[in-house]
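Examination of the molecular architecture
The primary structure of each chain is shown beneath.
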Amino acid sequence: MSRYVPLLRLGVGERADVYLGRLDGAEGFSVPVIMKRALARDVSDPHARHALRWEARVAAACRHPHVVSAFELTEIPEGLVLVSEYINGVTIGALARHLRRER
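Residues numbered from 1 in each chain as written. Predicted model: local features only at pLDDT ≥ 70, side-chain atom pairs only at ≥ 80, totals over all residues. Heavy atoms only, no water.

Looking at the overall build of the chain
Within the chain, the regular secondary structure consists of two helices and five strands. Along the chain, helices and strands appear, N-terminal first, in the series β-β-β-α-β-β-α. By principal-axis analysis of the C-alpha atoms, the chain measures approximately 50 × 40 × 25 Å. Residue burial in the chain is summarised as follows: out of 103 residues, 26% are buried. In the chain, the share of contacts with a sequence separation of at least 24, taken over all contacts with a separation of at least 6, comes to 35%. (Helix = DSSP H or I, 4+ residues; strand = E, 2+ residues; numbered from the N terminus. Buried < 20%, exposed > 50% of the residue type's maximum accessible area, 1.4 Å probe, protein only. Contact = heavy atoms within 4.5 Å.)

Digging into the pattern of salt bridges
Opposite charge on two side chains lets them pair, provided their charged atoms get close. A full pass over the atoms with the stated rule returns five salt bridges. Notably, a salt bridge pairs Arg9 with Asp17, separated by 3.3 Å at the nearest N-O pair. Look at Arg9 and you get partly exposed, because its relative accessible area is 47%. Among the salt bridges present, the one from Arg49 reaches Glu75, with a minimum N-O distance of 3.0 Å. Of the two residues, Arg49 sits in helix 1 (residues 46-61) while Glu75 sits in strand 4 (residues 70-76), which places them 26 residues apart along the sequence. (Salt bridge = Lys/Arg side-chain N within 4 Å of Asp/Glu carboxyl O.)

Re the confidence of the model for the chain
Overall, the predicted model of the chain reaches an average pLDDT of 87, with 95% of residues at or above 70. Ranking the elements of the chain by mean pLDDT puts helix 1 last, at 87, and strand 3 (residues 30-38) first, at 92. (pLDDT = per-residue confidence, 0-100.)

Re the environment of Gly25
Take Gly25: it is sitting in the loop between strand 2 (16-24) and strand 3. Take Gly25: its relative accessible area is 37%, and that puts it in the partly exposed class. Along the primary structure Gly25 and Gly13 are separated by 12 residues, whereas in three dimensions their C-alpha atoms are 29 Å apart.

Right under this line is the structure:
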């Protein structure tokens, strides 16, 4: 059984779904996370798995206070998942759209 539980689909891209999820630990410990996984149609596609592995390696190499941290690349029943830090707030895309409207 996976320690990660997808809770709410936040968005979908060309090749991946992004979910708000939860990491469950001992003694009732849990923390919100972001879970990115290949679309259902691509779960067994080696190219989709390779792209997610590559993204995980790049994310793991980026250490900066303004960059979301990648925790791990793991397998859950639904497929390969990149698990990242969850930060509550607006996306950079939403912020950019707002600034364009305000100018």
